[in-house]
Each structure stands twice: as C-alpha cells, then as structure tokens.
Amino acid sequence: MRGFSKNSMDDFSAEVSRLKKALARADAVVVGAGAGLSTSAGFTYSGERFVKYFADFSVKYGFSDMYSGGFFPYGTPEEMWAFWSRYVTINRYMAAPKPVYENLLKILRDKDYFVLTTNVDHCFQKAGFDKERLFYTQGDYGLFQCSKPCQPCTYDNEKQIRAMFDAQGFSKETGLFCAMTVPAELLPRCPICGRPMSMNLRSDSTFVEDDGWHRAAKRYREFLDRCNAMCGGNVLFLELGVGMNTPGIIKYPFWQMTALNSNATYACINYGQAYAPDDIGTRSLCVDGDIGEVVVALF
C-alpha cells in the first residue's frame, strides 16, 4: 500500500498541488464520501454534541456516544423514539457546524461530477448539491419505512420527528429536556398496514430501496458508463473520509475503476486512513489530513 502522512498543511502541500492539477484536468469527477467527511464538517457523535442532547440517556444507560444509543434495546417505543427523534433532529435537520460541504461544492460546481455516499445525514443537499447527482446508497435519516416492509415505500419524517423532539420539552436556556419519552399518539405507524415504522437505514434485510433509491442508482450507473465511454478520458475518483466498514461500496470499486483506466487518478483524503494499492500507486494521491482544510487549500 502507498500512503502519505504528515502533520500540517505545509507538509502535504505538494500532494495538494498535485490534486489541484488532477481536478483541473479531470473530464469527470466521481466522488465517494464516507463518515469522515461529515466528521470534518463537525457532525461528531460523541463529546460536546452528545452531552448537549443526550446527557440524560447517558446517565440512565451509561453509553457515551450516539451510535451506541442507536442500538440500545429501549424498553418502550416511546423511549426509543425519544432518542431517535433527538438523533435525527440534530444530524439531519440542523446545519453542519462547519462549511465543509459548501466548500466542496465550490470546487466541484463547474465540473461534471457525481456523488456516491454512505452518509445518511443529507449534508450534500443541504449544502446545495444537485440532488440528481447524488446517490445515498445506505438510506436517509429523513425517511421512515415500514418496519416489516409491506410495500417498497419510504416516507418523509420531518414533521413527526420535530413533533417528537418538541414533545420532550428541550429548553435552550437550560440545555435540558423535560422528558425522555414521547406521547404514544406520536409514534410513527405505516399508513398502509399500520405496523410501527422504522428508520430507512441499511442495517438488515428489511431496508427499503424505494423508487427514489433505484432512480439514483440508475443515474450513478449511467454516469459511470459515460466515464467508461470517454475511451480513457481523465476521470478523477475522489474518495473523502471512507473507512473500512463497507469498503465494497466505494473504496474497492474506486481502486478497480482506476486500475482499468490508465488516464484515471485516484485521490484519497482521510484523516489517519489515506492509502492506495501499489498497482495504482503512481496514479494515486493520498492525503492524511482534515478534509475541510484540504478542500480549502484546493481553492
């Protein structure tokens, strides 16, 4: 594996300069985005944000981050949805603390690009990216689905999520919630069969791939086909914050597609995990650093 790891922007300025040139000459840019991109934008799932909105859950159940709370076996649906309505409100309906996505759009706006992402926080669309150029392959915090899917349908959840959040009586003055449950009448149920709803997140075989999911998948395939039809055109595979949880979705395909096109460039920006296989090493740019800082350096 080939990697590049330094401690400051000055240290990897040469690699950033190479990336800027690769971006300028690219006929098309395929962006693969993972959790590290949203982390760079300030969407952290532990620490200050967790304490601000989940201190009561932490005290009662002992977990110290939102991910753990998302898998906790709550005793009642009223308490489960109290947790999840807070989780979705702050990670889907609030703006990211830092303008990393907006800055990324600035360097891509005039390029022929498409985004494949495992993130489910909708940050790309909130930043102004064209929704027709996005494929959220793992779901969306903003969607409900039937917990035992009776139809391949999803449902916008903002109104219900906000109602459940508000029902817990969060005070901006004290930073505290009055309750850790939501009223039973606010629990989401499938409008078709009446079963409880769940989040549209790929965690097991019940994940719903609705019409919107399939249309986005088709647009992504067509974009890749167009890249392949360029007969060796300059394609930049730009991987941002992708780890090894699901490498078969973004990382491995990006490596493979780069290997098949001798004019393609693979770029990986990832704090602590920037590397590429040796067989594409001469056409790879690996920057171990904060994505937000690197994107600004590309202006």
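For clarity, every value in this text was computed on a predicted model and none was experimentally measured.

### Concerning the overall build of the protein
A count of helical and extended segments in the protein gives 11 helices and 11 strands. Relative to its length of 299 residues, the protein is compact, with a C-alpha radius of gyration of 21 Å against a globular reference of 19 Å. Across its three principal axes, the protein shows a C-alpha extent of roughly 60 × 40 × 30 Å. Residues counted as buried form 50% of the 299 residues belonging to the protein. Sequence-distant contacts, at least 24 apart, represent 66% of the contacts inside the protein between residues at least 6 apart. Element-wise, carbon and sulfur atoms account for 52% of the exposed surface of the protein, whose accessible area totals about 14100 Å². For the protein, the distance from the average position of its 32 positive side-chain charges to the average position of its 33 negative side-chain charges is 3 Å.

### Regarding helix H1 (residues 13-25)
Since the α-helix packs 3.6 residues into each turn, any two residues three or four apart lie on the same face. In this model H1 runs 19 Å from its N-terminal to its C-terminal C-alpha over 13 residues, within 8% of the 18 Å that 1.5 Å per residue would give. Along H1, the residues that are buried comprise Glu-15, Val-16, Leu-19, Ala-22 and Leu-23. In an axial view of H1, the angular spread of the buried residues amounts to 115°, which keeps them on one side of the axis. In this structure, H1 carries Ala-14, Lys-21 and Ala-24 as exposed residues pointing more than 90 degrees from its buried face.

### Some words on helix H8 (residues 158-167)
Those residues of H8 that sit buried are Ile-161, Met-164 and Phe-165. What you see down the axis of H8 is that its buried residues fit within an arc of 100°, all on one side. Opposite its buried face, H8 presents the exposed residues Lys-159 and Asp-166, each directed more than 90 degrees away. Elements in contact with the buried residues of H8: helix H3 (47-61), helix H5 (77-93) and strand E5 (139-146). One or two positions beyond H8, positive phi appears at Gly-169, with a value near 65°.

### Observations regarding the pattern of salt bridges
Enumeration over the complete set of coordinates arrives at 12 salt bridges. Among the salt bridges present, the one from Arg-226 reaches Asp-112, with a minimum N-O distance of 2.7 Å. Taken together, the positions of Arg-226 in helix H9 (residues 211-228) and Asp-112 in the loop between helix H6 (100-108) and strand E3 (113-117) put the pair 114 residues apart, joining distant regions of the chain. Note that Glu-158 is salt-bridged to Arg-162, the shortest N-O span being 2.9 Å. Of the two residues, Glu-158 and Arg-162 both sit in helix H8, 4 residues apart, roughly one turn of that helix. Classification of Glu-158 by relative accessible area gives partly exposed; the value is 36%. Overall, Arg-162 belongs to the partly exposed group, its relative accessible area being 35%. Each of Asp-112, Asp-130, Arg-133 and Arg-226 takes part in salt bridges that share partners, so that together they form one network.

### With respect to the confidence of the model for the protein
Counting all residues, the mean pLDDT for the protein is 93, and 96% of those residues have values of 70 or more. Overall, residues 4-9 carries pLDDT values under 50, and its contacts beyond four positions in sequence, including any with other chains, amount to 15 contacts.

### Description of the nonpolar core
Most often, soluble globular proteins have nonpolar side chains that are buried together. Phe-124 and Phe-129 are the most contacted members of the largest nonpolar core, which totals 37 residues. The contacts of Phe-124, once residues within four sequence positions are left out, are Ala-33, Leu-37, Tyr-101, Leu-104, Val-115, Thr-117, Phe-129, Leu-134 and Tyr-136. The next biggest cluster of nonpolar side chains, apart from the first, holds 31 residues, and it includes Tyr-45, Phe-54, Phe-57 and Met-180.

### Thoughts on the pairing of E5
Residues in a regular strand point their side chains to alternate faces of the sheet. Of all 8 residues that make up E5, 8 are buried, and the element is covered over most of its length. As paired strands, E5 and strand E7 (residues 197-201) are joined by 5 bridges and run antiparallel to one another. Bridge pairing in E7 links Phe-144 to Met-199. The pairing of E5 with strand E6 (residues 154-156) spans 3 bridges and is classified as antiparallel. Bridging across to E6, Leu-143 finds its partner in Asp-156.

### As for the sheet that holds E6
One open sheet accounts for 3 strands, arranged E6-E5-E7; its pairing is antiparallel. Edge positions in the open sheet fall to E6 and E7, since each of these has one partner strand only. This sheet shows a mean twist of 50° between the axes of neighbouring strands, independent of strand direction. The strands touched by H5 are E5 and E7; relative to E5, the strand with the most contacts, the crossing angle is about 140°.

### Some remarks on the packing of aromatic side chains
Centre-to-centre distance and the angle between the planes together describe a pair of aromatic rings. Within this structure, the stated rule accounts for 35 aromatic pairs. For the ring pair Phe-63 and Phe-72, a centre distance of 5.7 Å and an interplane angle of 55° mean the geometry is tilted. By relative accessible area, which is 7% here, Phe-63 ends up buried. Cation over ring: Arg-86 sits above Phe-177, and NZ or CZ is 3.6 Å from the ring centre. Directly above the aromatic system of Tyr-275 lies the positively charged group of Lys-251, at a separation of 5.0 Å from the ring centroid.

The rules behind each value
Residues numbered from 1 in each chain as written. Predicted model: local features only at pLDDT ≥ 70, side-chain atom pairs only at ≥ 80, totals over all residues. Heavy atoms only, no water. Helix = DSSP H or I, 4+ residues; strand = E, 2+ residues; numbered from the N terminus. Rg over C-alpha atoms; globule rule 2.2 N^0.38 Å. Buried < 20%, exposed > 50% of the residue type's maximum accessible area, 1.4 Å probe, protein only. Contact = heavy atoms within 4.5 Å. Areas by Shrake-Rupley, 256 points an atom, 1.4 Å probe, with all protein chains shown as cover. Lys, Arg positive; Asp, Glu negative; His and termini not counted. Charge placed at Lys NZ, Arg CZ, Asp CG, Glu CD. Expected span 1.5 Å × (residues − 1). Arc of directions from axis to C-beta. Salt bridge = Lys/Arg side-chain N within 4 Å of Asp/Glu carboxyl O. pLDDT = per-residue confidence, 0-100. Core = buried A, V, L, I, M, F, W, Y, C linked by side-chain atoms within 4.5 Å. Pairing = 2+ DSSP bridges. Axes fitted to C-alpha atoms, helices over the stretch in contact; angles between N-to-C directions. Phe/Tyr/Trp six-rings, centres within 6.5 Å; stacked < 30°, edge-to-face > 60°. Lys NZ or Arg CZ within 6 Å of the ring centre and 35° of its normal.

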